[in-house]
Amino acid sequence: MAIDLLNHKLDKAFDHIDAGGEGVIERGDLLGLGARLLVGFGESPTSVTGSGLVDGFDGIWTTLSGVLGRDGECQILREEFREGMTAAFVEGDLYDPVFRPATAAVADLCDDDGDGLIGPREFRTLLSAFGTAYDDVDEAFDRLDRAGRGVLTVDGLIVAARQYYVSDDPSAAGNWLFGPL
């Protein structure tokens, strides 16, 4: 079951990148997700926050394509995405040096006033860029806001991302990062 859960989450992550539904992703698709985030938050890709996000997403793509033995301009199918993500970030030791900085850049982007907190409006903007259904956002927020404070912390969002992308624990709160599975 744990492998099925992780594969399901990775399939959903693939769909976040494959916004057009072609069944294959390229570097431009991942950077397109980054662009949707930047537009949603009104951030320039050349700002410190924006360039951190672009560099982070580019690092994920470079690592993913490299693990698969490809150059950076390749196309990756769903099953290959699962294999590469698992090899690099789940079973491999590249999550902290590569994937975590990208998730931190996304979390920092959501914290538009720099107070370390992410409110429901910012969370909705985040999930909109990932293609989460409007009706699923509030429940996802509530599941991640375990303290019931009406806000998420930047650090908490980073932890939720780790749980989503690498944890096989079916009760991990991070499974709700993008709404119901």
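This text goes with the structure placed above it.
These numbers come from a predicted model, not from an experiment. (Residues numbered from 1 in each chain as written. Predicted model: local features only at pLDDT ≥ 70, side-chain atom pairs only at ≥ 80, totals over all residues. Heavy atoms only, no water.)

**Q** Looking at this structure, I do not really get the nonpolar core. What am I missing?
**A** Across soluble globular proteins, nonpolar side chains show a tendency to be buried alongside one another. In terms of nonpolar packing, the biggest core is built from 54 residues, with L37, F81, F89, F123, L126 and Y165 touching the most fellow members. For this core, the secondary structure elements donating two or more residues are α1 (2-17), α2 (27-41), α3 (48-67), α4 (78-90), α5 (95-110), α6 (120-129), α7 (134-144) and α8 (154-166). Looking at which element gives the most residues to this core, the answer is α5, with 10 residues. Once residues lying within four places of it in the same chain are set aside, the contact partners of F123 are I118, V137, A140, F141, L144, L152, L157 and L177. (Core = buried A, V, L, I, M, F, W, Y, C linked by side-chain atoms within 4.5 Å. Buried < 20%, exposed > 50% of the residue type's maximum accessible area, 1.4 Å probe, protein only. Helix = DSSP H or I, 4+ residues; strand = E, 2+ residues; numbered from the N terminus. Contact = heavy atoms within 4.5 Å.)

**Q** What is the right way to read the layout of surface pockets from this model?
**A** Over the atoms, a rolling probe the size of a water molecule traces out where space has been left empty. Within this model, the largest pocket holds a volume of roughly 210 Å³. Taken together, 15 residues line the largest pocket, and the ones lying closest to its centre are L144, R146, L152, T153 and G156. Put simply, the parts of the chain that give the lining of the largest pocket at least two residues each are β4 (152-153) and α8. The element that contributes the greatest number of residues to the lining of the largest pocket is α8, accounting for 5 residues. Taken together, the residues that form the lining of the largest pocket break down as 8 nonpolar, 4 polar and 3 charged. (1 Å grid on protein atoms, 1.4 Å probe; cavity = no way out; pocket = protein on both sides within 12 Å on 5 of 7 lines; lining within 4 Å. Points joined across faces, edges and corners; volume = space filled by probe spheres on them. Nonpolar A, V, L, I, M, F, W, Y, C, P; charged D, E, K, R; others polar.)

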